[in-house]
Amino acid sequence: MTSRTASCRCGQLKANVTGEPVRMSVCHCLNCQKRSGSAFAAQARWPADQVVIEGRSSSFELISDSGNRARFYFCPECGSDVLYDNNDGADGQIAIPLGAFDDPYFFEPQFSVWEQRKHGWLEIESEAVEHFD
Amino acid sequence: MAEGDPVRVSVCHCLACQKRTGSALSAQARWEAECVKVEGNSSQWVRTADSGQQTTYNFCPVCGSTVYYGGGNFPELVAIPLGALDDPYFECIDYSVWERRKHRWIEILGESIEHRD
């Protein structure tokens, strides 16, 4: 089975995933911009039992306007987010920021969400992608 | 807090920027150091590039967000990740660099943008 490794910048916090992601998406919302520091966020999700985590992490919980909670796990040494879950993992999934992968080029977005917040100089173009405002 | 217009707004597709942001590219605006005022606690992480240049990233120890960084190619400037700005929307960006690492599903639009491999 395919196996992939995500890690923080300094390398001490790692997530190893097996199998293919169940969802690949980009999000343009302001929370995702703040979390990443970028113009949008990109992430892939796996069933939690296909993710093995190694190393020390700090976590930060963000409650959205809708009341959904997301908990982000980041390396206390370099600050990189390596994984997050929603509502204490109620959906059984773990999301991994695309850039954390040692090889991030497997990714093809299926969903591009919160496009009402998308920057004018950016386009997400892929045959497979569904766009949501 | 940054005052005035940034001197440079850019996106970067390199792998180090992808790791830092967790996104498929990074976006940042740079100001002269004297235009930037910093408040609050930060932790630092220093990255040494293959060229030997060092960049110091300052992130919040509570939530992990990088709020500013400096050094590297532009030692006289302070860089602020676009997403960290309360209003991250600039009309256009000046540079798109490391495009050899660009994901093929991303397009960076704008006539005045300088693209570099």
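You'll find the structure just up there.
What you see is a predicted model; the values in this text were computed from it and never measured.

(A) Fine view of the side chain of aspartate 85 of chain A. Residue and element names in this part refer to chain A. Looking at where aspartate 85 falls in the secondary structure, it is placed in strand S8 (residues 81–86). Notably, aspartate 85 is buried but unbridged: the nearest opposite-charge side chain belongs to arginine 71, and the N-O separation is 5.8 Å. Not counting the four nearest positions on each side in its chain, aspartate 85 is found in contact with Arg69, Ala70, Arg71, Tyr73 and Gln93.

(B) Expanded view of the pattern of salt bridges. In this structure the tally under the stated criterion is ten salt bridges over all chains. Aspartate 86 of chain B is paired through a salt bridge with lysine 34 of chain A; the nearest N and O atoms lie 2.8 Å apart. In this pair, aspartate 86 of chain B sits in the loop between strand S6 (74–81) and strand S7 (95–97) while lysine 34 of chain A sits in helix H1 (residues 30–36), so the two residues belong to two different chains. Glutamate 123 of chain A is the partner of lysine 118 of chain A in a salt bridge, and the nearest nitrogen-oxygen pair spans 3.5 Å. Residue lysine 118 of chain A is classed as buried on the basis of its relative accessible area, which comes to 17%. Accessibility expressed as a relative area gives 26% for glutamate 123 of chain A, which makes it partly exposed.

(C) Representation of the packing of aromatic side chains in the model. Evaluation of the coordinates by the stated rule reveals ten aromatic pairs over all chains. With centroids separated by 6.3 Å and ring planes inclined at 75°, the aromatic side chains of phenylalanine 40 of chain A and tryptophan 105 of chain B adopt a geometry described as edge-to-face. Within this pair, whereas phenylalanine 40 of chain A is found in the loop between H1 and strand S4 (41–47), its partner tryptophan 105 of chain B is found in the loop between S7 and strand S8 (106–108), the two belonging to separate chains. For the residue pair phenylalanine 40 of chain A and tryptophan 105 of chain B, the accessibility class agrees, reading buried in each case. Judged by centre distance (6.4 Å) and plane angle (75°), the ring pair of phenylalanine 106 of chain A and phenylalanine 107 of chain A falls under edge-to-face. By relative accessible area, which is 1% here, phenylalanine 107 of chain A ends up buried. The rings of Phe40, Trp46, Phe101, Phe106 and Phe107 of chain A together with Trp105 of chain B are connected pair by pair, giving a single aromatic cluster. Positioned over the ring face of phenylalanine 106 of chain A is arginine 4 of chain A, at 4.3 Å from the centre of the ring. When the ring centre of tyrosine 57 of chain B is taken as reference, the NZ or CZ atom of arginine 9 of chain A above it lies at 4.8 Å.

(D) Spotlight on the interface of chain B and chain A. Across the boundary between the two partners, chain B contributes 45 residues, which contact 46 residues of chain A. Carbon and sulfur atoms make up 57% of the surface buried where chain B meets chain A, a total of about 3,500 Å² over both sides. Counting across the chain B and chain A interface gives three salt bridges. Residues arginine 104 of chain B and glutamate 108 of chain A are paired through a salt bridge, measuring 2.5 Å at the closest nitrogen-oxygen approach. Looking at the side of chain B that touches chain A, the elements that each hand over two or more residues are helix H1 (15–21), strand S2 (26–32), strand S3 (43–48), strand S4 (54–59) and S8 of chain B. Looking at which element gives the most residues to the side of chain B that touches chain A, the answer is H1 of chain B, with five residues. Its residues assigned to classes, the side of chain B that touches chain A comprises 25 nonpolar, twelve polar and eight charged. Pairing of strand S11 (residues 122–124) of chain A with S8 of chain B, which is carried by three bridges, proceeds in the antiparallel orientation. Bridge pairing in S8 of chain B places glutamate 123 of chain A opposite glutamate 107 of chain B.

Criteria and cut-off values
- Residues numbered from 1 in each chain as written.
- Chains lettered and ligands numbered in written order.
- Predicted model: local features only at pLDDT ≥ 70, side-chain atom pairs only at ≥ 80, totals over all residues.
- Heavy atoms only, no water.
- Helix = DSSP H or I, 4+ residues; strand = E, 2+ residues; numbered from the N terminus.
- Buried < 20%, exposed > 50% of the residue type's maximum accessible area, 1.4 Å probe, protein only.
- Lys, Arg positive; Asp, Glu negative; His and termini not counted.
- Salt bridge = Lys/Arg side-chain N within 4 Å of Asp/Glu carboxyl O.
- Contact = heavy atoms within 4.5 Å.
- Phe/Tyr/Trp six-rings, centres within 6.5 Å; stacked < 30°, edge-to-face > 60°.
- Lys NZ or Arg CZ within 6 Å of the ring centre and 35° of its normal.
- Buried area = accessible area lost by both parts, 1.4 Å probe.
- Nonpolar A, V, L, I, M, F, W, Y, C, P; charged D, E, K, R; others polar.
- Pairing = 2+ DSSP bridges.

Nothing here speaks to function; it is geometry throughout.
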